Amino acid sequence: MAKRRIYFDNAATSFPKPPGVHDAMMHYARHIGASAGRGAYHEAVEASEIIHQARRRLAQFLGASQPESIIMTFNCTDGLSLAIKGLITEPNSHIITTTMEHNSVLRPLSALQEQLGIEVTYLQADNEGFIDPEDIRQAIRKNTRLITVVHGSNVCGSVQDIASMGIIAREYDIPFLVDAAQTVGHLPIDVQEIPIDMLAFPGHKALLGPLGTGVLYIRPGFETRLRPLKEGGTGSTSEIPRQPDFLPDRFESGSHNLIGIAGLNAGVEFLLERGMDRIRSHEVELCQAFLSHTEKVDGLTVYGPCDVDKRVGVFSVSIGGYEPGELAAVLEQQFSLLTRSGLHCAPYAHETLGTFDQGGTVRFSMGPFLSQEDVAYATDALKQIAYATDTN
Ligand SMILES: Cc1ncc(COP(=O)(O)O)c(C=O)c1O
């Protein structure tokens, strides 16, 4: 019998999805099919209701005061680009970010450096992937226009203290953007408790929706400081050629990915029903198991924090003698384990961990449907490979 393939690439996109997600997408595809806000017939009204419900649920999920602050995007990259390029329009701008960022922050910043000549400070993380929030204060200049920080590392799972960072940003009245690609749906986040101006996240990772979905949360009132990156039809105020100023239409031009949003709506419903405490404690248990099973194995290195309270379930590993791609291939071919090798679109994070020159690492990332047995099987596979390498 073929071995069960075990998916450990939830940091890229989650799999499997809860059955309710497939059902919602099938229901939309079979019985609705219309575009939201574009007609008065029953199906179009139902399509609009799906988006409204998804917005309400997402707002509830984040503790946001109003559903209109939830801007639907097509992935996390889309939201980050809107946040960064929508805000930074002046050449004489300085931006503070970190060495743990994903290319979906690094590249828009690099583009702005080329296009506008802006200046960027990259705060150096320590060897577990943490930034000292006080380093932000030291880096602030008169012309600092944005502080942008990745909440959870997609390379080694370190979770930054965004509450302290947000307080510093607010103290100096500097906009604070958080890339929560690896934390929304893994950890409880309350956007009213933490001083966040913009929070970008995908719908297709821990929110358990399909690819092609994402969100940019914008703090009420902050939207006036953000320029839309695209203008177009919204189904509202059609008599006026100018883009509407109100939310969410100011930032949602063009037809929505309704089939995707139907799935995302069901993914968030699943999380709300299960509760974030339960989701988080399951992940913490998986992290504890991964760390304890891989402790003190000759030849095997696990990068990132040992303290499970300061991490999410994203683990980078390497085994001496193996290129990352080679190790991932052995894990798939001999053990049916699906992982992701290389630099994970985060070159400075790998430089920080000292893994850039070896071509990166192999990443295992957890999801809510993985079990203790899956983690035991995966870590046992790593031990077998490490021991075999050691005795050769
Ligand atoms: C930390 C981080 N930021 C941003 C992204 C981009 O997300 P998306 O693929 O939804 O654009 C990812 C994706 O892996 C990520 O891990």
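So what's going on with the domain arrangement of the protein? Residues and values would help.
Domain boundaries assigned for the protein yield domain 1 (6-17 + 276-391) and domain 2 (19-274). Of note, the centres of domain 1 and domain 2, computed from C-alpha atoms alone, are 27 Å apart. Facing the 34 residues of domain 1 at the interface are 40 residues of domain 2. A buried area of about 3,100 Å², summed over both sides, lies between domain 1 and domain 2, and 62% of it is on carbon and sulfur atoms. The interface formed by domain 1 and domain 2 includes 0 salt bridges.

Please provide a residue-by-residue account of the site of the ligand, values included.
The environment of the ligand is formed by 14 residues, the closest being Thr77, Asp179, Gln182, His204 and Lys205. With respect to the ligand, the side chain of Thr77 contributes an N or O atom lying 2.4 Å from an oxygen atom. Taking Lys205, its side chain carries an N or O atom lying 2.6 Å from an oxygen atom of the ligand. Relative to its unbound accessible area of 390 Å², the ligand is 90% covered by the protein chains. Of the residues belonging to the shell around the ligand, the class tally is 5 nonpolar, 7 polar and 2 charged.

Report on the nonpolar core, specifying residues and quantitative values.
The biggest cluster of nonpolar side chains holds 59 residues, and the ones touching the most others in it are Leu58, Leu62, Phe176, Val184, Leu199, Phe201 and Leu207. Ranked by residues supplied to this core, first place goes to helix α2 (residues 42-62) with 8 residues. Lining this core are residues from two domains, each supplying at least three of them: domain 1 (6-17 + 276-391) and domain 2 (19-274). Discounting chain neighbours no more than four positions away, the residues touching Leu207 are Leu58, Phe61, Val184, Gly185, Phe201, Pro202, Leu264, Gly267, Val268 and Leu271. In terms of nonpolar packing, the next biggest core, distinct from the first, is built from 30 residues, Phe290, Leu291, Ile319 and Ala378 among them.

Which residues make up the pairing of strand β10 (residues 314-319), and what values go with them?
Where burial is concerned, most of β10 is hidden: 6 out of the 6 residues are buried. Across the two faces of β10 the burial is the same, with Val314, Ser316 and Ser318 and Phe315, Val317 and Ile319 all buried. Note: strand β9 (residues 300-303) against β10, 4 bridges, orientation antiparallel. Looking at the pairing, Leu300 lines up with Ile319 of β10. By the bridge criterion, 4 bridges tie β10 to strand β13 (residues 361-365) in an arrangement that is antiparallel. By the bridge assignment, Val317 is partnered in β13 with Val362.

Basis of the calculations
Residues numbered from 1 in each chain as written. Predicted model: local features only at pLDDT ≥ 70, side-chain atom pairs only at ≥ 80, totals over all residues. Heavy atoms only, no water. Domains from an automatic or database assignment. Contact = heavy atoms within 4.5 Å. Buried area = accessible area lost by both parts, 1.4 Å probe. Salt bridge = Lys/Arg side-chain N within 4 Å of Asp/Glu carboxyl O. Near = heavy atom within 4 Å. Polar contact = N/O pair within 3.5 Å; in protein donor to acceptor, adjacent residues only side chain to side chain. Areas by Shrake-Rupley, 256 points an atom, 1.4 Å probe, with all protein chains shown as cover. Nonpolar A, V, L, I, M, F, W, Y, C, P; charged D, E, K, R; others polar. Core = buried A, V, L, I, M, F, W, Y, C linked by side-chain atoms within 4.5 Å. Buried < 20%, exposed > 50% of the residue type's maximum accessible area, 1.4 Å probe, protein only. Helix = DSSP H or I, 4+ residues; strand = E, 2+ residues; numbered from the N terminus. Pairing = 2+ DSSP bridges.

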